[in-house]
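Each chain is listed here by its residues.
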Amino acid sequence: MKATQDDYLILPDGELRDIYKHDRRVIWFISLPMFPLVYLIVITVIGTLTLDAEEAIVAVAGIGAFVCYSAIFADSLETNKRLRNGANIFQLVMLAIGVVFFIMEGRPFVPFIQAGFIVGTNLANRIARPYIEDISVLKAHPRYPFDNWRRDESYTSSLYTNGTSYSDRAAKRLDSTLNAGKVRTVGGEEFLEGEQKKFELPKPDPEKNL
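Figured I'd write up the structure that's included with this text. (Residues numbered from 1 in each chain as written. Predicted model: local features only at pLDDT ≥ 70, side-chain atom pairs only at ≥ 80, totals over all residues. Heavy atoms only, no water.)

**Points about the overall build of the protein**
For the protein, the helix and strand inventory stands at nine helices and zero strands. Overall, the protein shows an N-to-C arrangement of helices and strands of α-α-α-α-α-α-α-α-α. The buried share among the 210 residues of the protein stands at 27%. A fraction of 69% describes how many contacts in the protein between residues 6 or more apart in sequence connect residues 24 or more apart. Put simply, the protein shows about 14700 Å² of open surface, and 63% of that area lies on carbon and sulfur atoms. (Helix = DSSP H or I, 4+ residues; strand = E, 2+ residues; numbered from the N terminus. Buried < 20%, exposed > 50% of the residue type's maximum accessible area, 1.4 Å probe, protein only. Contact = heavy atoms within 4.5 Å. Areas by Shrake-Rupley, 256 points an atom, 1.4 Å probe, with all protein chains shown as cover.)

As structure tokens, then:
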């Protein structure tokens, strides 16, 4: 059964670390289509050197799509939303320019490519959304980055390191910890220390009874 966010406060660091790494791997897998997108941008940018308006529009729209796609690496849903909304506004403006270019030049290539950019980048962000939320919750966890096991090992190692200042400090910490938990009593030491085995009532005095 998959752990929920309500379980994160009670799960050990090892499991939380594995969940965090899994979410990061999924985000990187979702980002794979960004590589052909970069290739398309480079090709169209080269085409702009020949003063080709069609390729210039696609290149600029591709840059906006890349920014929108890169929002999947945001550490919170709020940051993702701001990047995505800003990039989408830019993409819609470029789409309007592409439609005007299509009407004037009769080339449907430009607006169709731009529409594909908008659909693809927003679909990627929609798929990544639960993983972004999960990562933000894990990063806000009080034990993040879940490396308490390293501190525990270093402390244990210092306890058994001889001839160094680490062993002295570790011994002092251990001694103070033991003393802090020592039971102290006020009165009745004879019972705790074993000098008296049982509690005895004082013997009655007959004269006082009269």
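**A closer look at the packing of aromatic side chains**
What the rule picks out here adds up to one aromatic pair. Relative to Phe-73, the ring of Trp-28 has its centre 5.0 Å away and its plane inclined at 55°; by these criteria the two rings are tilted. Pair noted here: Trp-28 is in helix α1 (residues 13-30) and Phe-73 is in the loop between α3 (53-69) and α4 (77-105), with a separation of 45 residues, a long-range link. When its relative accessible area of 54% is taken as the criterion, Trp-28 is described as exposed. (Phe/Tyr/Trp six-rings, centres within 6.5 Å; stacked < 30°, edge-to-face > 60°.)

**Examining a nonpolar patch on the surface**
Where nonpolar side chains cluster on the molecular surface, the patch consists of Val-38, Tyr-39, Val-42, Ile-43, Ile-46, Leu-49, Ile-63, Phe-66 and Val-67 and spans about 830 Å² of accessible area. At the level of elements, α2 (34-48) and α3 are the ones that each hand at least two residues to the nonpolar patch. A per-element tally of the nonpolar patch places α2 first, with five residues. By the element assignment, Leu-49 lies in the loop between α2 and α3. Relative accessible area serves as the criterion here: at 70%, Leu-49 is assigned to the exposed category. (Patch = residues over 30% accessible without salt bridge, like charges linked within 9 Å, V, L, I, M, F, W, Y side chains within 5 Å. Salt bridge = Lys/Arg side-chain N within 4 Å of Asp/Glu carboxyl O.)

**Quick look at α2**
An ideal rise of 1.5 Å per residue puts 21 Å on 15 residues; α2 measures up with 21 Å between its terminal C-alpha atoms. For α2, the secondary structure elements touched by its buried residues are α3 and α5 (109-139). (Expected span 1.5 Å × (residues − 1).)

**Remarks on the packing of α3 against α4**
Packed helices, taken two at a time, are described by their axes: the angle between them and the distance between them. For the pair α3 and α4, the least separation of the axes is 8 Å and the interaxial angle reads 165°. Of the possible angle classes, the one that applies to α3 and α4 is roughly antiparallel. Considering the relative orientation of α3 and α4, their crossing is left-handed. Residues Ala-53, Glu-54, Ile-57, Val-60, Ala-61, Gly-64, Ala-65, Val-67 and Cys-68 of α3 form the contact with α4, whose participating residues are Arg-84, Ala-87, Asn-88, Phe-90, Gln-91, Met-94, Ile-97, Gly-98 and Phe-101. (Axes fitted to C-alpha atoms, helices over the stretch in contact; angles between N-to-C directions. Parallel < 35°, antiparallel > 145°, perpendicular 65-115°, else oblique. Left-handed = near helix turned anticlockwise from the far one by under 90°.)

**Considering the packing of α3 against α5**
Running from amino to carboxyl end, α3 crosses α5 at an angle of 5°, the nearest separation of the two axes being 9 Å. Considering the angle they form, α3 stands roughly parallel to α5. Contact residues: Glu-54, Ile-57, Val-58, Ala-61, Gly-62, Ala-65, Cys-68 and Tyr-69 in α3; Phe-109, Val-110, Ile-113, Gln-114, Phe-117, Thr-121, Ala-124 and Asn-125 in α5.

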